[in-house]
Every structure is written in structure tokens, then in C-alpha cells.
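# Notes for the structure review
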Amino acid sequence: MASSSSTKIDLNQISYLLITGASRGIGQRIAIETARKVKPGSIVVLLARSASGLESTKAAILEVNSRITVVTSSVDLTNAPKQLLEEIIDKSLAKTPTGNFGLAAVVHNVGTIGNVERKAIDMNDRQEWEEYFATNVFTVGVLNSCFLLKFKDCAKKLVVNITSKACLLPFNSMGFYCAGKAAREMYFRVLAAEEPDLVVLNYSPGPVDTDMTVDIQDRSNDEGIRNYFKGLRDDSTMLTTQQTTEKFLSVLEAGQFKSGDHVDYYD
């Protein structure tokens, strides 16, 4: 990783944080641990489909930092229009000027695995393709644009894409996931190239013990993939959400990466 002091992120300031997929798993843990570090007056916005999961995350955040504002919004990002996304951001600000924040950060953690019961040769359902990309690519790009245009005057802006090694390497049974992750990461790499004042990080969290990896282990059509995840669990070598979040925060705080880089947990 190339060193660049301009990518170093200081969370210990008045910040606006928006995290998608924040009701469970990696997104929940990232939300809690980033919110722990920000200063009073900060706003943390949590997006996911599960209202109860979001409330659980909110309660955990307020336990570790009670002097910030936490806003939740239960939304299905599969078909969320631009106007709704803009409204969520506007309402969360409650007329607070965006210039009040030393840092504006968005963490695009939302992600689904797709149909791992299909092989690539059988992925012939156009609606299935469209719904997968709507959630994992299209709405991510729209939300990202809404966020950056709203905070264009903020001094420091951070964009995080939670990615995967699957954007670089093919994994049997994971055609939707690999294709979506590859498209999504390339969008963020283009963004980093076009906008040198942004800090863009593509963070690959490694194999983490979440509902998603359980789903892959249970439903994948490929025996090798099923056995891979089973082996990680049986050997207790699968990462926890706490472990990967600690690495994520250390990457941000060290700033030893170039904007747009793909940084893996094991780097």
C-alpha cells in the first residue's frame, strides 16, 4: 500500500456518519465502533431493512457515546429512489449546516450474496439479475452521489466500500456476488480517480462469521465452497466482526493507502 498522509482519517471530531446495512453483522459493528470515537454534536445515520435491528444498533451506540445524535431509517435499498435517499439525509441533518462537520463519511456496507444455488451457466433470469444489481450496485451509486453532493462543502469526505476478494477472484456458485462486487469496486475506483479531494477506501473484511457466510455454507451449489466455510468455522479461524472492524479503523487512522485502493484484512 502506498503511503499518503491525505488519506489519514481522524474520527475524533464532529462528524456525520452514514452506514448502510447497519442492522447486523459487519455494518452494525462498524457503526458502533466508529460512533464510539466521534465528538459530541456528531450525527450517525443508520440504514437497513430491519427496523428492530437498527434500533438495537442505535441502543448499542448510545451506550458507548450518549452525546451524539443517532438516526435510523428502515429502507429497502433495492428500489429506493433518489428523492427518498435525499430526504433521509436532509431529515437527519435537521437544518444543521453541513459546514459544521469536520468529517462527512459514508460506509457502503449493504450487500447480499445472491442466488448461490445457481451456476453461472444457469443465471438466465433477467429479473434476478436486475434485483441483485439494484441493491448491490445501482442504489449504492445513487446514494453515494446524493451524499457527496450534499456534503460538497465539507472539509474532509470519506467514502468506504465494503468489498470482497470475490471482486478479484472467481468463486464457484457466487456469480452474482462476484459480478456485483467487481462492478461496485470499479465504480469507486473511478470515483477516487476523478475526485482527488475525496478519501475512498475499498475495504475487504476477510471471511467473517456473519449470517451471510452461514448462508453460503448452507446453500452453495459447490461442495468446495461449502467445505471451505465449514472448515473455517470448525477450526475457529473465521474472523469476528470485532476483529475486522478493528483492522478497518487502524487502516483509516494510519492512512497508509492511496485513495481508491483495495485493502484486505490480511494486508
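Per chain, residues are indexed from 1 in the order of the written sequence. With pLDDT at 70 or above as the cut-off, local features in this predicted model cover only qualifying residues; side-chain atom pairs require 80 or more to be listed or tallied, and sums for whole chains, interfaces and linings still use all residues. Excluded from the side-chain calculation are hydrogens and water; included are all heavy atoms of the structure.

## Comments concerning the overall build of the protein
Only DSSP runs of H or I with at least four residues qualify as helices, and only runs of E with at least two residues qualify as strands; both kinds are numbered from the N terminus onward. The number of helices and strands found in the protein is eight helices and seven strands. For the radius of gyration, the atoms used are the C-alpha atoms, and the globule rule reads 2.2 Å times the number of residues raised to 0.38. A compact globule built from 267 residues would reach a C-alpha radius of gyration of about 18 Å, and the protein, at 18 Å, matches this within 12%. Viewed in the frame of its principal axes, the protein has a C-alpha envelope of about 50 × 40 × 35 Å. Buried means the residue's accessible area, taken with a 1.4 Å probe over protein chains only, is under 20% of the maximum for its type, while exposed means over 50%, and partly exposed covers the values in between. Within the protein, buried positions represent 50% of all 267 residues.

## As for the packing of helix 6 (residues 211-219) against helix 7 (residues 223-234)
Axis geometry follows a simple rule: fit a line to the C-alpha atoms, using only the stretch in contact for helices, then measure angles between N-to-C directions, giving values from 0 to 180 degrees. Where helix 6 meets helix 7, the axes come as close as 7 Å, and the angle between the chain directions of the two elements is 130°. Of the possible angle classes, the one that applies to helix 6 and helix 7 is oblique. As helix 6 packs across helix 7, the resulting crossing turns out to be left-handed. Taken together, the residues of helix 7 that come into contact with helix 6 (itself represented by Thr213, Val214, Ile216 and Gln217) are Ile225, Arg226, Phe229, Lys230 and Arg233. Angles are sorted into four bins: roughly parallel if under 35 degrees, roughly antiparallel if over 145, roughly perpendicular if 65 to 115, and oblique for all others. When the near helix sits turned anticlockwise from the far one by under a right angle, the crossing is termed left-handed; a clockwise turn instead gives a right-handed crossing. Contacts: residue pairs with any heavy atoms within 4.5 Å of one another.

## Points about the packing of helix 3 (residues 82-93) against helix 4 (residues 126-150)
Here helix 3 crosses helix 4 at 40°, and the two axes come no closer than 9 Å. Classified by the angle their axes make, helix 3 and helix 4 are oblique. The way helix 3 lies across helix 4 gives a crossing that is right-handed. Contacts from Lys82, Leu85, Glu86, Ile89, Asp90 and Leu93 in helix 3 reach Thr139, Val142, Leu143, Cys146, Phe147 and Lys150 in helix 4.

## What to know about the environment of Ala182
Within the secondary structure layout, Ala182 lies in helix 5 (residues 175-194). Classification of Ala182 by relative accessible area gives partly exposed; the value is 31%. Separated by 18 residues in sequence, Ala182 and Ser164 place their C-alpha atoms 8.8 Å apart.

## Digging into the pattern of salt bridges
When a carboxyl oxygen of Asp or Glu is within 4 Å of a side-chain nitrogen of Lys or Arg, the pair counts as a salt bridge. Within this structure, the stated rule accounts for 12 salt bridges. Put simply, Lys150 and Asp90 hold a salt bridge, and the shortest N to O gap is 2.8 Å. Of the two residues, Lys150 is situated in helix 4 and Asp90 in helix 3; the sequence distance between them amounts to 60 residues. Between Arg233 and Asp209 there is a salt bridge; the shortest N-O distance is 3.1 Å.

## Some points on helix 1 (residues 25-37)
The terminal C-alpha atoms of helix 1, which comprises 13 residues, lie 19 Å apart, in line with the 18 Å expected from a rise of 1.5 Å per residue. Among the residues making up helix 1, those that are buried are Ile26, Gly27, Gln28, Ile30, Ala31, Ile32, Glu33, Thr34 and Ala35. Where helix 1 is buried, its residues meet strand 1 (15-20), strand 2 (43-48), helix 2 (51-64), strand 4 (103-108), strand 5 (156-162) and helix 8 (241-254). By definition here, a helix of n residues has an expected span of 1.5 Å times n minus one.

## A closer look at the layout of surface pockets
Of the voids in this model, the largest pocket is the one considered here, and its volume is about 1100 Å³. Counting residues per element, the ones that place at least two in the lining of the largest pocket are helix 1, strand 2, helix 5, helix 6 and helix 7. Any residue outside Ala, Val, Leu, Ile, Met, Phe, Trp, Tyr, Cys, Pro, Asp, Glu, Lys and Arg is labelled polar, Gly included; the first ten of those are nonpolar and the last four are charged. Broken down by class, the residue content of the lining of the largest pocket amounts to 21 nonpolar, 16 polar and eight charged. Buriedness of a pocket was judged along seven lines, with at least five required to meet protein on both sides within 12 Å; pockets are open sets of points on a 1 Å grid over the protein atoms alone, cavities are sets where a 1.4 Å probe fits but cannot get out, and lining residues have an atom within 4 Å of a point. Taken together, Arg49, Thr78, Thr112, Gly114, Asn115, Glu128, Glu131, Tyr132, Thr135, Asn136 and Phe176 make up the full set of residues lining the second largest pocket. If you tally residues by element for the lining of the second largest pocket, the top one is helix 4, at five residues. Residue composition of the lining of the second largest pocket, grouped by class: two nonpolar, six polar and three charged. Grid points are joined across faces, edges and corners, and a volume is the space filled by probe spheres set on the points.

## Structural notes on empty space enclosed by the protein
One pass over the full model with this rule turns up one cavity of 30 Å³ or more. Considering only enclosed or pocket space, the largest cavity measures out at about 70 Å³ in volume. Every residue along the wall of the largest cavity is listed here: Leu11, Leu17, Ile19, Ile30, Thr34, Ala105, Val107, Leu158, Val160, Phe248 and Leu252. Those elements that place two or more of their residues in the lining of the largest cavity are strand 1, helix 1, strand 4, strand 5 and helix 8.

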